[in-house]
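These are the residues of each chain, in order.
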Amino acid sequence: MAKIRVLDRSVYELIAAGEVIERPASVIKELVENSIDAGAKHITVEIKNGGVSFMRVTDDGCGIAHDEIPAAFLRHATSKVRSAEDLNGIATLGFRGEALASVAAVARVELLTKEADEEYGSSFRIAGGEIAEHERTGCPNGTTILIRDLFYNVPARRKFLKKDVTEGNQVQGLIDRLALSNPEICFRLIRDNKTVRSTGGDGDYYSAVYAVFGKQFASSLIPVDYSSAGVEVVGYVSSPLFTRANRSMQYFFVNGRSVRSPICMAALEEGYRNSIMTGKFPACVLNLSIAPSLCDVNVSPSKTEVRFAEEKVVFDAIHFGTRNAILNADSRREIRLEKKELPKPPEETRPDRILFQRVEEALERRAADPAPCPKEEPIRSFTDERINRRKREPLFVNAPVTAYETVKNVQQRAEELPPPEPPSAPPEPPAFRYLSESSFARREKPAPSVQITEEPPVPAIRVVGELFATYIVCECGEELILIDKHAAHERIRFEQKKTKLTTASQLLAESEFVSLTAEQYSALSEHGELLREIGVEVLLQDGVRGEITAAPAAFAGDAVSPAELVIRAADLLLDGNENLVGEIYDDLLHSRACKSAVKARDVNQPEELRAIAEEVWRNEKIRFCPHGRPVMVKLSKREIEKYFGRIV
Ligand code: ADP
Ligand code: MG
């Protein structure tokens, strides 16, 4: 074997730099964090070619004293930590004293810096770890660092850089995270001479969110403000209706530092359990405040990983904070009928115009008829003045088909009115069609029905009818409410089944064997008690196999075999998810609730619809189906009156 040698400084600097500096975004991260630690209120980041050829960070922080500049570029040189004890209470973003040394090892660095109480500042240049300039100079307060030609001396590393646009996007994502966690700082990002991000720095968290994500995302957010057991969770989570296909919009911060934490993600998603479609993910911007001594951010050199002394406490704070926020937000969505400007056909051929005229004619015929008309009030309100206003505003308030159908229905209604002679009793309003019992006959099993209590409480909600055999139309106070009968019933069933759920286990007549990977085996052997909680008894054998002797009674006769249950449990544990009862039983309940609920286009009795509507109204939990679809939408009387021009 070759002789052991101590490496040259230039070589170990390069190796060490590789740990911190991977790409332009990692340089920017270190520089901006230094600016934040220096107390800057304004930070401008400028990059060219994704940062590879040019990165400049300018701040108005405290600056660096002339004589201390060379030391700042030495490895393990920091002004932030003095002793080992200091490591327990770190409040600054940097503390390893490696960043500037690492950057200087792999790029050309220029520095201009001035402390506020000094008359002159300093100009400093260093490349490949060698100082090229260190002079007094006139410059503004604060620090500007310019980095050119990243990895100019490490071609192997340069090869691993992605396309400029990808590297630039990484920088932008990073600035977004920094802006979100520092709302009191004014950030500006200039990419190839164009300002692409600019935050107000007014200290308001919401304005930072607004600046970074734009109006649409910001306006869908629900605020979170929760604390328990010394952990404070503040920020915003997305409405259950605003889901994402992945986790890219989940931003977590611990004491202001952006972190990637599987625990935080799992806790957030637990907060959305049963409120979001499976396979969809919530978005969030959540900041956790926790005693620095209870979390370790020193896990990785880039400091994006975090370890918590008490994971359960953190998990619970995020889980309950999120859950409460979602439940408190008004989950009864308002539907908005948008006024769409549509190209108008010539006046006389417009279908709405023709139909409108027919409606008017029918109304005139009715006016000549002395028989009382129960619907007179709303119909008479189409006065000339209103019709004129209609001419100015497009009649279409929704899709043209809807407007067309609406007018057509009014016309039919007008034509269906009884003939003027002889005078007759007021006509029945057209009844909503409920099909008879016999239409349930096609089912093998008896049709599911909702339990109706003997004496229902005075209903706060009145069922008006059913639409498209799918939506229950209700009136409640000053609101029109549409309930998706399947979604609502599915959730009702889910809740009913949940209260009856037992996790008791049942001995198997014959043991079932399951093969396990090494990881699955060790996850299961560490969490025997969690398996028993879900009602599984398994004897682990030889590091490769499990003998299942008992399985949950609730799953008896289900398509999921005990072996599949054990594999599922092991995989959940490997993902760091210990909520086996929640995950495994909820899945079972979801599928059973879905199968047993009434379906869209099923035929239901009026009492069934009423029972569903009343349960939805009574039970706050029935707001989303188990897959996260909303159970109801509402339209206020005010909104309706606006569309009809009764109020402006
Ligand atoms: P660390 O941030 O871990 O202390 P760095 O290598 O990033 O290590 O920086 C070394 C030192 O240089 C810091 O401790 C700080 O004193 C000084 N420094 C770096 N950047 C700035 C800046 N923008 N403003 C003021 N001081 C700075
Ligand atoms: Mg630093």
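Criteria and thresholds
Residues numbered from 1 in each chain as written. Chains lettered and ligands numbered in written order. Predicted model: local features only at pLDDT ≥ 70, side-chain atom pairs only at ≥ 80, totals over all residues. Heavy atoms only, no water. Helix = DSSP H or I, 4+ residues; strand = E, 2+ residues; numbered from the N terminus. Buried < 20%, exposed > 50% of the residue type's maximum accessible area, 1.4 Å probe, protein only. Contact = heavy atoms within 4.5 Å. Areas by Shrake-Rupley, 256 points an atom, 1.4 Å probe, with all protein chains shown as cover. Pairing = 2+ DSSP bridges. Core = buried A, V, L, I, M, F, W, Y, C linked by side-chain atoms within 4.5 Å. Axes fitted to C-alpha atoms, helices over the stretch in contact; angles between N-to-C directions. Parallel < 35°, antiparallel > 145°, perpendicular 65-115°, else oblique. Left-handed = near helix turned anticlockwise from the far one by under 90°. Nonpolar A, V, L, I, M, F, W, Y, C, P; charged D, E, K, R; others polar. Patch = residues over 30% accessible without salt bridge, like charges linked within 9 Å, V, L, I, M, F, W, Y side chains within 5 Å. Salt bridge = Lys/Arg side-chain N within 4 Å of Asp/Glu carboxyl O. Lys, Arg positive; Asp, Glu negative; His and termini not counted. Charge placed at Lys NZ, Arg CZ, Asp CG, Glu CD. pLDDT = per-residue confidence, 0-100. Phe/Tyr/Trp six-rings, centres within 6.5 Å; stacked < 30°, edge-to-face > 60°. Lys NZ or Arg CZ within 6 Å of the ring centre and 35° of its normal.

### Regarding the overall build of the protein
- When helices and strands are counted, the protein shows 20 helices and 23 strands.
- The burial tally for the protein puts 44% of its 648 residues in the buried class.
- Long-range pairs, those at least 24 residues apart, make up 69% of the contacts in the protein with a sequence separation of at least 6.
- As displayed, the protein has an accessible area near 34500 Å², and 52% of this comes from carbon and sulfur atoms.

### Quick word on the pairing of strand S4 (residues 121-127)
- The buried fraction of S4 is high, at five of seven residues.
- With six bridges joining them, strand S3 (residues 108-114) and S4 adopt antiparallel strand pairing. Looking across to S4, one finds that Glu110 is bridged to Arg125.
- Linking S3 to S4, which pair antiparallel, is a turn of six residues.
- With seven bridges joining them, S4 and strand S5 (residues 130-137) adopt antiparallel strand pairing. What sits directly across from Arg125, in S5, is Glu133.

### A look at unusual backbone geometry
- The backbone phi angle of Asp192 is positive, close to 45 degrees, even though this residue is not glycine.
- Residue Asp192 is classed as partly exposed on the basis of its relative accessible area, which comes to 45%.
- Phi at Phe468 is positive, roughly 55 degrees, even though this residue is not glycine.
- By the secondary structure assignment, Phe468 is in the loop between strand S17 (462-467) and strand S18 (471-476).

### What to know about the nonpolar core
- With 57 residues, the main nonpolar core has Ile28 and Val32 as its most contacted residues.
- Counting 28 residues, the second largest nonpolar core, distinct from the first, contains Val254, Leu286, Val306 and Val314.

### Comments concerning the environment of Ile28
- For Ile28, the position within the fold is in helix H2 (residues 24-37).
- According to the relative accessible area criterion, Ile28 is buried, its value standing at 0%.
- Here the alpha-carbon distance between Ile28 and Ile175, two residues 147 residues apart in the chain, equals 8.6 Å.
- What Ile28 contacts, discounting residues up to four positions off in sequence, is Val45, Ile47, Met55, Val57, Val171, Leu174 and Ile175.

### A closer look at the side chain of Gln172
- With respect to the helices and strands, the residue Gln172 is situated in helix H6 (residues 164-181).
- Apart from the residues lying within four places of it in its own chain, the contact partners of Gln172 are Leu189, Arg191, Val196 and Arg197.

### Quick word on the packing of helix H17 (residues 562-574) against helix H18 (residues 580-596)
- Interaxial distance between H17 and H18 falls to 10 Å at its minimum, and their mutual angle equals 135 degrees. Of the possible angle classes, the one that applies to H17 and H18 is oblique. Of the two possible hands of crossing, H17 and H18 adopt the one that is right-handed. Residue-level contacts link Leu565, Arg568, Ala569, Leu572 and Leu573 of H17 to Leu580, Glu583, Ile584 and Asp587 of H18.
- Here the residues of the contact of H17 with H18 sort into six nonpolar, no polar and three charged.

### Here's the deal with the pairing of strand S13 (residues 284-289)
- Bridge analysis of strand S10 (residues 231-238) against S13 gives six bridges, and the strand direction is antiparallel. Among the inter-strand pairings, Glu232 is bridged to a residue of S13, identified as Ser289.
- Relative to S13, strand S11 (residues 250-254) is paired through five bridges, and the arrangement is parallel. Residue pairing in the sheet places Gln250 in a bridge with Cys284 of S13.

### Describing a negative patch on the surface
- Taken together, the side chains of Glu311, Glu529, Glu533 and Glu578 define an acidic patch exposed on the protein surface.
- Note that Glu529 resides in helix H16 (residues 528-533).
- Overall, Glu529 belongs to the partly exposed group, its relative accessible area being 41%.

### Focus: the pattern of salt bridges
- Per the counting criterion, the structure on display carries 27 salt bridges.
- Here Arg197 and Asp176 are joined by a salt bridge, their closest N and O atoms 2.7 Å apart. Linking Arg197 in strand S8 (residues 194-198) with Asp176 in helix H6, this pair joins segments that are 21 residues apart in sequence.
- Judged by relative accessible area, which is 9%, Asp176 ranks as buried.

### As for the side chain of Ser220
- Tracing the sequence through the fold places Ser220 in the loop between helix H7 (205-219) and strand S9 (221-228).
- You can call Ser220 buried: its relative accessible area is 16%.
- Discounting chain neighbours no more than four positions away, the residues touching Ser220 are Val237, Ser238, Ser239 and Phe242.

### Some details on the confidence of the model for the protein
- Per-residue confidence for the protein gives a mean pLDDT of 78; residues scoring 70 or more make up 74%.
- Between the elements of the protein, mean pLDDT differs from a low of 31, seen in helix H11 (residues 376-380), to a high of 98, seen in strand S2 (residues 54-59).
- Of the regions scoring below 50 in pLDDT, residues 331-345 engages in 38 contacts with residues more than four places distant in sequence or in other chains.
- Note that residues 370-453 has pLDDT below 50 and, in this model, 95 contacts with residues that lie over four places away or in other chains.

### Thoughts on the packing of aromatic side chains
- Counting across every chain of the model gives six aromatic pairs.
- On the numbers, 5.5 Å between centres and 55 degrees between planes, the contact of Tyr206 with Tyr236 is tilted. Separated by 30 residues along the polypeptide, Tyr206 in helix H7 and Tyr236 in strand S10 bring together distant segments of the chain.
- Look at Phe555 and Tyr585: their rings are 5.4 Å apart centre to centre, the planes differ by 70 degrees, and that puts the pair in the edge-to-face class. On the criterion of sequence distance, the pair formed by Phe555 in the loop between strand S22 (545-552) and H17 and Tyr585 in helix H18 is long-range, its members being 30 residues apart. Of the two residues examined, Phe555 and Tyr585, each falls in the buried class.
- Grouped by ring-pair contacts, the aromatic residues Tyr205, Tyr206, Tyr210 and Tyr236 constitute a single cluster.
- Geometry around Phe54 places Lys48 over its ring, the cationic atom sitting 4.4 Å from the centre.
- Above the ring of Tyr152, the side-chain terminus of Arg108 is found at 4.1 Å from the ring centroid.

### So, the sheet that holds S22
- Across the sheet, three strands lie side by side as S20-S22-S21; this open sheet has antiparallel pairing. On the outer flanks of this sheet lie strand S20 (505-515) and strand S21 (537-541), each paired with one strand and no other. Neighbouring strand axes in the sheet, compared pairwise and without regard to direction, differ in orientation by 15 degrees on average.
- The strands touched by H17 are S20 and S22; relative to S20, the strand with the most contacts, the crossing angle is about 65 degrees.

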